[in-house]
Amino acid sequence: MPELPEVETVRRTLKNFIIGKEITEIRVHYDKIVSGNTDTFVTALTGQTILDIDRVGKYLVFILDQDAFISHLRMEGKYNIVDASKPLSKHEHLTFVLSDGTELRYQDTRKFGRLALVNKESYRQDLPLCKLGPEPWDADPKAIYARIHQSNLPIKTLLLDQTIMTGIGNIYANEICFTLKINPTTPGKRVSKKRVVELIAVSKEILAQAIVQGGTTIHSFDANGITGLFQMQLQVHLQKVCPVCNGAVIKKMVRGRGTYYCPTCQKKKG
Ligand SMILES: [Zn+2]
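Worth saying up front: this structure is predicted, and the values here are computed from it rather than measured.

Q: Describe in detail the overall build of the protein, supporting the description with residues and values.
A: Regarding its fold elements, the protein presents six helices and 10 strands. Computed over C-alpha atoms, the radius of gyration of the protein comes to 20 Å, within 12% of the 18 Å expected from 2.2 N^0.38 for 270 residues, which places it in the range of a compact globule. Along the longest, intermediate and shortest principal axes, the C-alpha atoms of the protein span 60 × 35 × 30 Å. Taking all 270 residues of the protein together, the buried fraction comes to 50%.

In structure tokens, the structure reads:
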């Protein structure tokens, strides 16, 4: 699943290819890929020029002359930019025909991703984006502590709750707990104010590192389309040996999500 750094890499890469181009036609090949009314989506956006791409959490926001639309890649979504003559693949569900003879196509093997028309002026205040908590860069430690402290849920699970902070997915939640040397099953109410401040700092650091690595790894579109995925140097996620103590990394399910941690470096307290 693309996480915030991958989505940011997709945003930056796409900007190089589509800014300033007009959408001359929209073809929807799989109706449900648009949430809301498909005809309204197509009618509203056809003829508009793409001015910018914003990102809120893991949502891409395409800003046009009059309107905007959001796109969440979910599990497998990605964008292809192809010459209009290239045959449609069976996993491409929506085509934006652009004024320069290229096409921006949304591809999604699992069909979980969604695009939706939103208000250009107020999308941050409207659903669904208004439900998202701040990104770690904008997080107020007091507010985050208040949310974490009132919960009995594991800290790892709370890191994944996009209404507390947005942008942290399963991979980086594992990495953040490892860097903090905190056991991922520690209940939120047992995490101190000082640790929450550290948690926000580490989240910022790890996501920023990943964005830098993504930006340097991906230079252009390849044949597989732009997913933003890249080889990030991971410390604990999918690892077998702890890079700090050389002990065995354990994998267990925490609230349904694969959780990797070092039982020595991330001892459960109390
Ligand atoms: Zn260790």
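Next comes the rest of the description.
Q: Would you mind going over the pattern of salt bridges in detail, with residue names and values included?
A: Considering all chains together, one arrives at 15 salt bridges under this definition. For E103, the salt bridge goes to R105, with nearest N and O atoms at 2.9 Å. A relative accessible area of 3% means that E103 is categorised as buried. Using a relative accessible area of 2% as the deciding quantity, one classes R105 as buried. Here R195 and E198 are joined by a salt bridge, their closest N and O atoms 2.7 Å apart. On the criterion of helical spacing, the pair formed by R195 and E198 is a turn pair, its members being three residues apart in helix α6 (residues 193-217). On the basis of relative accessible area, R195 is assigned to the partly exposed category, the value being 22%. Given a relative accessible area of 25%, E198 falls into the partly exposed group.

Q: So what's going on with the domain arrangement of the protein? Residues and values would help.
A: The assigned domain composition of the protein is domain 1 (4-129) and domain 2 (136-261). Here the C-alpha centroids of domain 1 and domain 2 sit 28 Å apart.

Q: Give a detailed account of the sheet that holds strand β5 (residues 78-83), specifying residues and quantitative values.
A: With antiparallel pairing, the four strands of this open sheet are ordered in space as β1-β6-β7-β5. With partners counted over all chains shown, the strands left at the sheet margins are β1 (23-28) and β5, one partner each. For this sheet, the mean inter-axis angle between neighbouring strands, taken without regard to orientation, is 20°. Inspection of the sheet shows strand β6 (residues 92-98) paired to strand β7 (residues 102-107) by five bridges, in the antiparallel sense. When the bridges of β7 are listed, E92 appears paired with Q107. Contacting β5, β6 and β7, helix α1 (residues 4-18) crosses the sheet at an angle of about 25° to β5.

Q: Run through the coordination of the zinc ion, naming residues and quoting values.
A: At the metal site, the zinc ion is ligated by C242 (SG), C245 (SG), C262 (SG) and C265 (SG), and these contacts range over 2.3 to 2.4 Å. Its four donor atoms give the zinc ion angles of 100 to 113° at the centre, a pattern that matches the tetrahedral case. Owing to a relative accessible area of 0%, C242 belongs among the buried residues under this scheme. Its relative accessible area of 0% is what places C262 among the buried residues.

Q: For the layout of surface pockets, give the residues involved together with the corresponding values.
A: Considered as a void within the structure, the largest pocket measures approximately 370 Å³ in volume. Taken together, 20 residues form the lining of the largest pocket, with K58, Y59, H72, R74 and Q162 sitting closest to its centre. Among the residues making up the lining of the largest pocket, the classes are represented as nine nonpolar, seven polar and four charged. Domain assignment of the residues forming the lining of the largest pocket places at least three in each of domain 1 (4-129) and domain 2 (136-261).

Q: Would you mind going over unusual backbone geometry in detail, with residue names and values included?
A: Omega for the peptide link from L127 to P128 comes to 0°, which places this bond in the cis form. Assignment of secondary structure puts P128 in the loop between β8 (114-118) and α3 (141-149). Positioned with a positive phi, K181 is a non-glycine residue whose angle comes to about 55°. One can find K181 in the loop between α5 (170-180) and α6. A relative accessible area of 42% places K181 in the partly exposed class. The backbone phi angle of L238 is positive, close to 65°, even though this residue is not glycine.

Conventions and cut-offs
Residues numbered from 1 in each chain as written. Predicted model: local features only at pLDDT ≥ 70, side-chain atom pairs only at ≥ 80, totals over all residues. Heavy atoms only, no water. Helix = DSSP H or I, 4+ residues; strand = E, 2+ residues; numbered from the N terminus. Rg over C-alpha atoms; globule rule 2.2 N^0.38 Å. Buried < 20%, exposed > 50% of the residue type's maximum accessible area, 1.4 Å probe, protein only. Salt bridge = Lys/Arg side-chain N within 4 Å of Asp/Glu carboxyl O. Domains from an automatic or database assignment. Pairing = 2+ DSSP bridges. Axes fitted to C-alpha atoms, helices over the stretch in contact; angles between N-to-C directions. Contact = heavy atoms within 4.5 Å. Donors = N, O, S within 2.8 Å, 3.2 Å for Na, K, Ca; no water. Tetrahedral: all angles 85-135°; square planar, octahedral: opposite > 155°, others 65-115°. 1 Å grid on protein atoms, 1.4 Å probe; cavity = no way out; pocket = protein on both sides within 12 Å on 5 of 7 lines; lining within 4 Å. Points joined across faces, edges and corners; volume = space filled by probe spheres on them. Nonpolar A, V, L, I, M, F, W, Y, C, P; charged D, E, K, R; others polar.

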